[in-house]
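# Residue-level structure breakdown
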Amino acid sequence: TTAYFGKPGSSSAPPERSTEFEIGLDGTFFNNRLTAELTYYNKVSRDALVERTLPPSGGTGTTVRFENLGKVLNTGWEALLDAQLVDADQFGWNLTVTGSTNKNRLDSLGGLPPIITSSTVRQVEGYPLNGWWSRRLESYNDANGDGIIALSEIEVSPEIEFHGYSSPRHEAAFTNTFSFLQRRLRLAAMLDYRGGHLVYNNTERIRCASRNNCSGLINPNASLSEQARTVMVREHSSRSVAGFF
């Protein structure tokens, strides 16, 4: 008889609870041809489900489990502007603009130390959820002027540091809708924007660290910054990937 222990559950896990406060202004103008909305929100999540790292001594083969550990704060703004610019029998033009901001912060981990989710992602009190963490490339300098950055020409922070959000803090969308032939034909186009965060270019990191085919390694015209991040991930003792955020 063989017993196999799978993913351990948590019988005492209560539901995640959230309290949200919102205040907003809505308005319509020019015979309803212009609509505007603005909303501020403040949301606090308690008993937030956070992916906690489990010790290998548990013997289950599972390394993480969601537990009610955290208190998380989300605040931000949401806005909408909808304008009917042209309203004729044969042609119509409608413009819609939406935007939002978000500030996310892990206020509490219930007394636990920071949770290392992966080599680049951590849950740390006072910082955003799933933030990017790594040792920072503090400086680089082509001291001998040969156009090539060497290990002795870079400075790396002694400690792991926070680099930024992994999810967008700012989002916006611009949508134009055109109507033809008495509304029988409609064409729409949308431009979408996301910013205020960092994206981890892991593909380029792999190419530089182990595939030996990235620009910072083999291109004689590569910028000094490309060379510096490549030297850091290949030759520095930290093997820091911060240059690829």
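Read on for a plain summary of the structure.

It helps to recall that an α-helix has 3.6 residues per turn; residues three or four apart then point in one direction. Of the residues making up helix 3 (residues 224-234), those classed as buried are Q227, A228, R229, T230, V231, M232 and V233. Check the buried side of helix 3 and you find it contacts strand 8 (131-140), strand 9 (154-164), helix 1 (202-211) and helix 2 (215-218).

Structurally, the position occupied by T177 is in strand 10 (residues 170-180). Exposure remark for T177: the relative accessible area of 18% places this residue in the buried category. Apart from residues lying up to four places away in sequence, T177 is in contact with G92, W93, N94, R186, L187 and A188.

A few words on the nonpolar core. Core analysis: the largest hydrophobic core is formed by 16 residues, its most contacted members being I154, Y200 and F245. Where this core is concerned, the elements lending two or more residues are strand 9 and helix 3. If you tally residues by element for this core, the top one is helix 3, at four residues. Beyond its immediate chain neighbours, meaning those up to four positions away, Y200 contacts T120, W132, R205, V241, F244 and F245. Core analysis: the next-biggest nonpolar cluster, separate from the first, contains seven residues, A48, L69, L106 and L109 among them.

Attention now goes to the sheet that holds strand 9. Strand order in the open sheet formed by four strands is 6-7-8-9, and the pairing between neighbours is antiparallel. Each of the sheet's edge strands pairs with one partner strand only, and the pair in question is strand 6 (115-116) and strand 9. Here seven bridges tie strand 8 to strand 9, and the two strands are oriented antiparallel to one another. Among the inter-strand pairings, W133 is bridged to a residue of strand 9, identified as F162. Set on the sheet, helix 3 makes contact with strand 8 and strand 9; between it and strand 8 the angle comes to about 115 degrees.

Glancing now at the side chain of D142. Along the chain, D142 turns up in the loop between strand 8 and strand 9. Although D142 is buried, it makes no salt bridge; R229 carries the closest opposite charge, 17 Å away. Engagement of the side chain of D142 in a polar contact is seen with the backbone nitrogen of G147, the distance being 2.7 Å. Aside from chain neighbours lying at most four places away, what touches D142 is G147, I148, I149, E153 and L224.

Here we come to unusual backbone geometry. Even without a glycine there, the phi angle at N32 is positive, about 65 degrees. For N32, the position within the fold is in the loop between strand 1 (17-29) and strand 2 (34-53). Here the phi dihedral of R183 falls at roughly 70 degrees; this positive angle occurs in a residue that is not glycine.

Another aspect to go through is the pattern of salt bridges. Counted by the stated rule, this structure contains eight salt bridges. Two residues, R136 and E161, come together in a salt bridge whose shortest N-O distance is 2.7 Å. Note that R136 is positioned in strand 8 and E161 in strand 9, a separation of 25 residues in sequence. Owing to a relative accessible area of 25%, E161 belongs among the partly exposed residues under this scheme.

Right, let's get into the packing of aromatic side chains. Where two aromatic rings form a pair, the distance of their centres and the angle of their planes describe that pair. This structure, assessed with the given rule, holds 10 aromatic pairs. Here the aromatic rings of Y200 and F245 are separated by 5.4 Å at their centres, their planes lie at 70 degrees, and the arrangement is edge-to-face. With a gap of 45 residues between them, Y200 in the loop between strand 11 (185-195) and helix 1 and F245 in the segment after helix 3 connect regions that are remote in the sequence. F245 sits in the buried class, given a relative accessible area of 18%. Three or more aromatic residues joined by ring pairs form one cluster here, namely F91, W93, F178 and F180.

Looking at the secondary structure, you find D192 in strand 11. Between the alpha carbons of D192 and E171 there is a distance of 7.7 Å; along the sequence they are 21 residues apart. If near-sequence neighbours (up to four positions away) are discounted, D192 is found in contact with A172 and A173.

Reading the values: the criteria
- Residues numbered from 1 in each chain as written.
- Predicted model: local features only at pLDDT ≥ 70, side-chain atom pairs only at ≥ 80, totals over all residues.
- Heavy atoms only, no water.
- Buried < 20%, exposed > 50% of the residue type's maximum accessible area, 1.4 Å probe, protein only.
- Helix = DSSP H or I, 4+ residues; strand = E, 2+ residues; numbered from the N terminus.
- Contact = heavy atoms within 4.5 Å.
- Core = buried A, V, L, I, M, F, W, Y, C linked by side-chain atoms within 4.5 Å.
- Pairing = 2+ DSSP bridges.
- Axes fitted to C-alpha atoms, helices over the stretch in contact; angles between N-to-C directions.
- Lys, Arg positive; Asp, Glu negative; His and termini not counted.
- Salt bridge = Lys/Arg side-chain N within 4 Å of Asp/Glu carboxyl O.
- Polar contact = N/O pair within 3.5 Å; in protein donor to acceptor, adjacent residues only side chain to side chain.
- Phe/Tyr/Trp six-rings, centres within 6.5 Å; stacked < 30°, edge-to-face > 60°.

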